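Examining the three-dimensional arrangement
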Amino acid sequence: MLNNFPLWPEQASTMAHRVDALYIFLLIVAGLMALLVCTLIIYFAARYRRRPGIRAEQIEGSNALEITWSVIPFLVFMVIFAWGAVVYFKERTPPADATEVYVVAKQWMWKVEHAEGQREINELHVPVGRDVKLIMTSQDVIHSFFIPAFRIKQDVLPGRYTVEWFHATKPGTYHLFCAEYCGTQHSGMVGSIVVLEPAQYEAWINGGPNGPLSATGEKIFAELGCSTCHRSDVQGRGPNLEGVFGKPVQLEDGRTVTADENYLRECILDPGSKRVKGFQPIMPTFQGLVNEEQVNALVAYIKSISTLKSAPSSRTTARAASASDANEQAATHTNRSQVQQ
Ligand code: CUA
């Protein structure tokens, strides 16, 4: 019955019930309020209608009434505020051990890179029953990564990372939309989220030709010469990056920041802005020398040498990278031909 008349998209994540419950509560409160107002209008219109021989009287205020209609709405709004805040913080706080996936948006497609090395375009394969964290950036304008069935939506901005997470509860294929107007083919910037059973997912994630993203990053790190200054064996001209991720960093200007994804990204693209205490400003910017995927790979590499669980491998991924570029061109081409039709 309800399936034939869907008021809501399917509920396919742990967040869906939370968001829907709050939404239904708001609808009920608003509905009851509207009903109350309508009923009173009709009742008063009849009760106090104009009748011959009866004259209107002036009424001076009523404290009891005014306190009642102030306190009750206040309590209702506080319930909405507290409930909304709880849902919001749940949605904004990714669990620490979530599977990480990098997303790069561009006009007009979604490029996805898994830590294991799989790359996809306008598709995202994830396992059911596991926390997944998306680390997202854009290489041009503002986009927004929206999965209605998971009840999550987050703007994707150029020049920084934003994050969203979900825990899919049902295998299946769900819509992915861009929810921020981003140009001519904004409406075509769609895709699918494929939620797989754990065994299927393992087969899928290990089925590709690519090495881990961190290995790609390690290779770029060596190619760009980063490893000549950022050494782990002896004191180099740049800070030793081993174990840095997630830790507080003392800056030259006295501030202390946490070495998160956004900090690493900023250091690569604008090294002067948050220089580590005790080091000379000798690092050149890599803005324009590395693309968003390469920044992601570098960040993944620096993270991998900060966590003992994943030892970086050195499988080469040049072949994988060029295959992905070909896919990207094919996808762009498809978009164009769709417009011409
Ligand atoms: Cu991308 Cu709208």
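Residues numbered from 1 in each chain as written. Predicted model: local features only at pLDDT ≥ 70, side-chain atom pairs only at ≥ 80, totals over all residues. Heavy atoms only, no water.

**A word on the overall build of the protein chain**
- Counting its regular elements, the protein chain contains eight helices and twelve strands.
- Within the protein chain, buried positions represent 38% of all 341 residues.
- Carbon and sulfur atoms provide 60% of the accessible area of the protein chain, an area that totals close to 20,100 Å². (Helix = DSSP H or I, 4+ residues; strand = E, 2+ residues; numbered from the N terminus. Buried < 20%, exposed > 50% of the residue type's maximum accessible area, 1.4 Å probe, protein only. Areas by Shrake-Rupley, 256 points an atom, 1.4 Å probe, with all protein chains shown as cover.)

**Focus on the sheet that holds strand E7 (residues 152-156)**
- Strand order across the open sheet formed by five strands is E4-E10-E9-E6-E7, with mixed pairing between neighbours. At either margin of the open sheet sits one strand with a lone partner, and together these are strand E4 (123-127) and E7. Averaged over neighbouring strand pairs, the angle between their axes works out to 20° when direction is ignored.
- In this sheet, strand E10 (residues 190-196) lies alongside strand E9 (residues 172-178) in antiparallel orientation, the contact comprising six bridges. (Pairing = 2+ DSSP bridges. Axes fitted to C-alpha atoms, helices over the stretch in contact; angles between N-to-C directions.)

**So, the environment of Arg49**
- Tracing the sequence through the fold places Arg49 in the loop between helix H1 (14-47) and helix H2 (63-92).
- Judged by relative accessible area, which is 47%, Arg49 ranks as partly exposed.
- A polar side-chain atom of Arg49 sits 2.8 Å from the main-chain carbonyl oxygen of Ala46. (Polar contact = N/O pair within 3.5 Å; in protein donor to acceptor, adjacent residues only side chain to side chain.)

**Some words on the pairing of strand E2 (residues 109-114)**
- The buried count for E2 comes to six of six residues, which makes it a mostly enclosed element.
- Going residue by residue along E2, you find Met109, Lys111 and Glu113 tucked away on one face and Trp110, Val112 and His114 tucked away on the opposite face as well.
- Two elements, strand E1 (residues 99-106) and E2, share six bridges in a ladder whose sense is antiparallel. Each bridged residue has a counterpart across the sheet, and for Tyr102 the counterpart in E2 is Glu113.

**What about the packing of H1 against H2?**
- Relative to each other, H1 and H2 sit at 165°, their axes nearing to 10 Å. Judged on the interaxial angle alone, H2 and H1 are roughly antiparallel. Considering only the axes of H1 and H2, their crossing is left-handed. Facing H1, whose interface residues are Met15, Arg18, Val19, Ala21, Leu22, Phe25, Leu26 and Val29, H2 presents Val76, Val79, Ile80, Trp83, Gly84, Val87, Lys90 and Glu91.
- In the contact of H1 with H2, the residues fall into twelve nonpolar, one polar and three charged. (Parallel < 35°, antiparallel > 145°, perpendicular 65-115°, else oblique. Left-handed = near helix turned anticlockwise from the far one by under 90°. Contact = heavy atoms within 4.5 Å. Nonpolar A, V, L, I, M, F, W, Y, C, P; charged D, E, K, R; others polar.)

**Examining the sheet that holds E1**
- Read from one edge of the open sheet, five strands run E3-E2-E1-E5-E8, paired in mixed fashion. Of all strands in the sheet, those bounded by a partner on one side alone are strand E3 (119-121) and strand E8 (162-167). Going across the sheet, the axis of each strand differs from the next one's by a mean of 25°, ignoring polarity.
- As paired elements, E1 and strand E5 (residues 131-138) share seven bridges and run parallel to each other.

**Here's the deal with the packing of aromatic side chains**
- Per the counting criterion, the structure on display carries twelve aromatic pairs.
- When the ring of Trp8 is compared with that of Tyr23, the centres are 6.0 Å apart and the planes differ by 85°; the resulting orientation is edge-to-face. One end of the pair, Trp8, is in the segment before H1; the other, Tyr23, is in helix H1, with 15 residues separating them in the sequence.
- The class for Trp8 is partly exposed, based on a relative accessible area of 30%.
- Between the aromatic rings of Tyr88 and Phe89, the centroid separation amounts to 5.5 Å while the plane-to-plane angle is 80°, which identifies the pairing as edge-to-face.
- For Phe89, a relative accessible area of 54% puts it in the exposed group.
- Through successive ring pairs, a cluster of aromatic residues spans Tyr43, Phe44 and Tyr48.
- The residue whose ring lies beneath Lys153 is Phe146, and the NZ or CZ to ring-centre distance is 4.6 Å. (Phe/Tyr/Trp six-rings, centres within 6.5 Å; stacked < 30°, edge-to-face > 60°. Lys NZ or Arg CZ within 6 Å of the ring centre and 35° of its normal.)

None of the figures reported here should be taken as evidence of function without further support.
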